[in-house]
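Breakdown of the fold
Listed below are the residues making up each chain.
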Amino acid sequence: MKAQTIKNWFNIHKWTSLVSTVFLLMLCITGLPLIFYEEIDHLIHEELEATIPLPEAAPLSKDVVLQQAMNEIPGKEVKYIFWDGDHHPGQMFVTLADSSEAPIEADHYLTMDEHTAKVLDAPPNEMDFMLVMYYLHVEMLAGIPGKLFLGLMGLLFMLAIISGVMLYGPIMKRYDFGMIRTEKSVRLRWLDLHNLLGIVTLAWASVVGLSGVINTLADPALEMWRAGQLADMVAEYEDQPKVAPPFSSLQAALNTAQAAAPGMEVSFVAYPGTLYSSRHHYAVYMIGTTPLTSRIIKPALIDAKNGELTAIKDLPWYLKTIFISQPFHFGDYGGMPMKVIWAILDILTIIVLVSGIYLWFARRKAKQVQLKRLMKNAGSLTLLTVDEDGD
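Residues numbered from 1 in each chain as written. Predicted model: local features only at pLDDT ≥ 70, side-chain atom pairs only at ≥ 80, totals over all residues. Heavy atoms only, no water.

Turning next to the layout of surface pockets. Where empty space is left becomes clear once a probe the size of a water molecule has been rolled over the atoms. Estimates place the volume of the second largest pocket at around 1,200 Å³. Taken together, 42 residues line the second largest pocket, and the ones lying closest to its centre are His13, Leu191, His194, Asn195 and Leu359. The set of elements that each furnish at least two residues to the lining of the second largest pocket consists of α1 (3–35), α5 (143–172), α6 (186–200), α7 (202–215) and α11 (335–390). Examining the composition of the lining of the second largest pocket, we find that 10 residues originate from one element, α11, more than from any other. Its residues assigned to classes, the lining of the second largest pocket comprises 23 nonpolar, 11 polar and eight charged. (1 Å grid on protein atoms, 1.4 Å probe; cavity = no way out; pocket = protein on both sides within 12 Å on 5 of 7 lines; lining within 4 Å. Points joined across faces, edges and corners; volume = space filled by probe spheres on them. Helix = DSSP H or I, 4+ residues; strand = E, 2+ residues; numbered from the N terminus. Nonpolar A, V, L, I, M, F, W, Y, C, P; charged D, E, K, R; others polar.)

Turning our attention to the nonpolar core. Judged by nonpolar contacts, the single largest core of 29 residues is most densely connected at Ile81, Val269 and Val284. Of all the secondary-structure elements, those providing two or more residues to this core are α3 (62–72), β1 (77–82), β2 (91–97), β3 (108–113), α9 (250–260), β5 (265–270), β6 (281–287) and β7 (297–303). The dominant element in this core, judged by the number of residues it contributes, is α9, at four residues. Setting aside residues up to four positions removed in sequence, Val284 forms contacts with Ala253, Leu254, Ala257, Val266, Phe268, Val269, Lys298, Pro299, Ala300 and Ile302. (Core = buried A, V, L, I, M, F, W, Y, C linked by side-chain atoms within 4.5 Å. Buried < 20%, exposed > 50% of the residue type's maximum accessible area, 1.4 Å probe, protein only. Contact = heavy atoms within 4.5 Å.)

Moving on, we get to a nonpolar patch on the surface. A contiguous nonpolar surface patch, about 410 Å² in accessible area, is contributed by Met1, Ile12, Leu159, Ile162 and Met166. Of the residues forming the nonpolar patch, the biggest block, three residues, is contributed by α5. One can find Met1 in the segment before α1. (Patch = residues over 30% accessible without salt bridge, like charges linked within 9 Å, V, L, I, M, F, W, Y side chains within 5 Å. Areas by Shrake-Rupley, 256 points an atom, 1.4 Å probe, with all protein chains shown as cover. Salt bridge = Lys/Arg side-chain N within 4 Å of Asp/Glu carboxyl O.)

So, about the environment of Gly146. With respect to the helices and strands, the residue Gly146 is situated in helix α5. By relative accessible area, Gly146 is classed as buried at 2%. Among all residues touching Gly146, those that are not within four sequence positions of it are Glu139 and Met140.

Take the environment of Leu353 next. Here Leu353 is to be found in helix α11. Overall, Leu353 belongs to the buried group, its relative accessible area being 9%. Separated by 328 residues in the primary sequence, Leu353 and Leu25 have C-alpha atoms spaced 6.6 Å apart. Excluding anything up to four places from it in sequence, Leu353 contacts Thr21, Leu24, Leu25 and Cys28.

Pairing of β7 with strand β8 (residues 309–312), which is carried by three bridges, proceeds in the antiparallel orientation. Across the sheet, the residue bridging to Leu301 is Ala311, located in β8. Joining the antiparallel neighbours β7 and β8 is a turn of five residues, in which Gly307 adopts a positive phi near 75 degrees. (Pairing = 2+ DSSP bridges.)

Time to look at the pattern of salt bridges. A full pass over the atoms with the stated rule returns eight salt bridges. Notably, a salt bridge pairs Lys339 with Glu39, separated by 3.2 Å at the nearest N-O pair. Of the two residues, Lys339 sits in helix α11 while Glu39 sits in helix α2 (residues 37–44), which places them 300 residues apart along the sequence. With a relative accessible area of 4%, Lys339 lands in the buried category. Ionic contacts of the salt-bridge type, sharing partners, join the residues Glu38, Glu39 and Lys339 into one network.

Now for the confidence of the model for the chain. Model confidence for the chain is summarised by a mean pLDDT of 85, while 92% of its residues fall at 70 or above. Predicted confidence for residues 383–391 stays below pLDDT 50, and this span has zero contacts to residues more than four positions away or in other chains. (pLDDT = per-residue confidence, 0-100.)

Bringing unusual backbone geometry into the picture now. Along the chain, Pro245 connects to Pro246 via a cis peptide bond; the corresponding omega equals 5 degrees. Inspection of the secondary structure puts Pro246 in the loop between α8 (218–233) and α9. Residues other than glycine seldom take positive phi values, yet Ala117 does so here, at roughly 65 degrees. For Ala117, the location among the structural elements is in the loop between β3 and β4 (119–121).

Here we take up the packing of aromatic side chains. On inspection of all chains with the given rule, the structure shows 15 aromatic pairs. Among the aromatic side chains, those forming a connected cluster through ring pairs are Tyr80, Trp225, Phe268, Tyr276 and Tyr285. (Phe/Tyr/Trp six-rings, centres within 6.5 Å; stacked < 30°, edge-to-face > 60°.)

Here we take up the sheet that holds β2. Spatially, the eight strands line up as an open sheet ordered β4-β3-β2-β1-β5-β6-β7-β8, and their pairing is antiparallel. A strand with exactly one partner marks an edge of an open sheet, and here the two such strands are β4 and β8. Averaged over all pairs of adjacent strands, the angle between their axes in this sheet comes to 30 degrees, without regard to strand direction. By the bridge criterion, two bridges tie β3 to β4 in an arrangement that is antiparallel. In the strand pairing of β4, Thr111 is matched with Asp121. α9 rests against β1, β5, β6, β7 and β8 of the sheet, and its axis sits at about 45 degrees to β6. (Axes fitted to C-alpha atoms, helices over the stretch in contact; angles between N-to-C directions.)

Interhelical geometry of helix α4 (residues 129–139) versus α5 gives an angle of 60 degrees and a closest axis separation of 7 Å. With respect to α5, the element α4 is oriented oblique. Counting all contacts with α4, which are made through Leu136, His137, Val138 and Glu139, the residues of α5 involved are Gly143, Gly146, Lys147 and Leu150. (Parallel < 35°, antiparallel > 145°, perpendicular 65-115°, else oblique.)

Examined against the element boundaries, Gln251 turns out to sit in helix α9. A distance of 2.9 Å separates a polar side-chain atom of Gln251 from the backbone nitrogen of Lys62. Once residues lying within four places of it in the same chain are set aside, the contact partners of Gln251 are Leu60, Ser61, Lys62 and Asp63. (Polar contact = N/O pair within 3.5 Å; in protein donor to acceptor, adjacent residues only side chain to side chain.)

The following block contains the structure:
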């Protein structure tokens with residue numbers, strides 16, 4: 001590689017790193033507790049465990065469980081219902097609000113025991129530690145503009161990785177892999193450690209960085225889906241007013257959706273008029289049953305008045321790409337061993353970022369010291385010349 005080419009790659013690496021490092025450091029720090037979101041959340045909140053039913057006990061209808069949730073906070077409408085069988089078996093999570101269009105700040109959350117219809121938890125709608133970490137990580141508490149800005153920082157991070165790889169080869173030609181020059185200055189030791197950890201975490205950082213950029217496009221992609229495929233699926237209902245309670249049976253709607261998508265299970269239900277449904281339908285979101293296929297979502301639209309299936313379609317490729325990328329970003333598809341590996345690599349990346357900041361300041365300081373020495377030597381030479389001329 002020519003000297004000018006190396007210099008160009010060095011400038012790309014330096015400036016993309018400088019611009020994005022502070023934000024990437026924030027993402028790594030906030031992402032660390034998010035790897036163990038369920039475990040930390042369980043420690044913070046004291047939740048009752050769901051009842052383990054007897055083998056011969058018949059499960060309660062979801063309509064019964066839902067009615068008990070609505071009785072807990074009278075006068076509210078249902079917005080969403082979801083299940084998390086992996087981490088919270090036997091529990092049904094219900095979101096209630098004054099109306100289906102109410103903002104998220106006005107939502108009420110209930111955790112219901114599916115076997116007894118008892119309320120297990122009714123947390124207040126407020127920002128706790130884990131939610132603050134989550135919203136800092138995904139949007140810097142700035143909504144969609146924050147997400148898109150972090151996506152831009154992710155692109156700069158990818159450029160920094162590529163340029164770092166291009167520089168690593170020429171730099172390491174003269175040295176052994178993994179070498180750290182302990183006999184040299186502190187700055188050179190940190191430089192060697194920076195290069196070593198950077199190449200060790202290369203694959204992980206690339207996967208997490210690219211999947212993070214993809215995830216920042218989730219909101220625009222959902223809007224595109226709503227305006228496109230979802231609008232086509234409910235085109236015949238376009239001129240009809242929003243359906244009003246009482247709705248058809250929730251349990252029947254779930255049975256209809258599962259019959260239309262064998263081998264999948266219900267994960268999420270959006271009620272009519274909410275962001276993820278139409279004004280006339282239950283939107284029942286089905287998922288696969290393995291850690292990876294659980295990110296492959298298929299929505300079924302059930303008429304909320306008569307309980308009939310209106311349409312069921314696979315999500316478009318761009319939404320599939322986003323949902324499939326999420327487990328690779330958070331490392332939550334391989335259980336605790338995968339989470340531990342993700343946490344270790346996250347910590348190593350934090351060291352790479354911090355060492356990069358240190359190296360930039362140390363290099364500037366070294367240049368300033370060198371410049372002062374040159375100026376001092378130049379001043380001494382000038383005085384010597386004047387003395388000689390005077391003689």
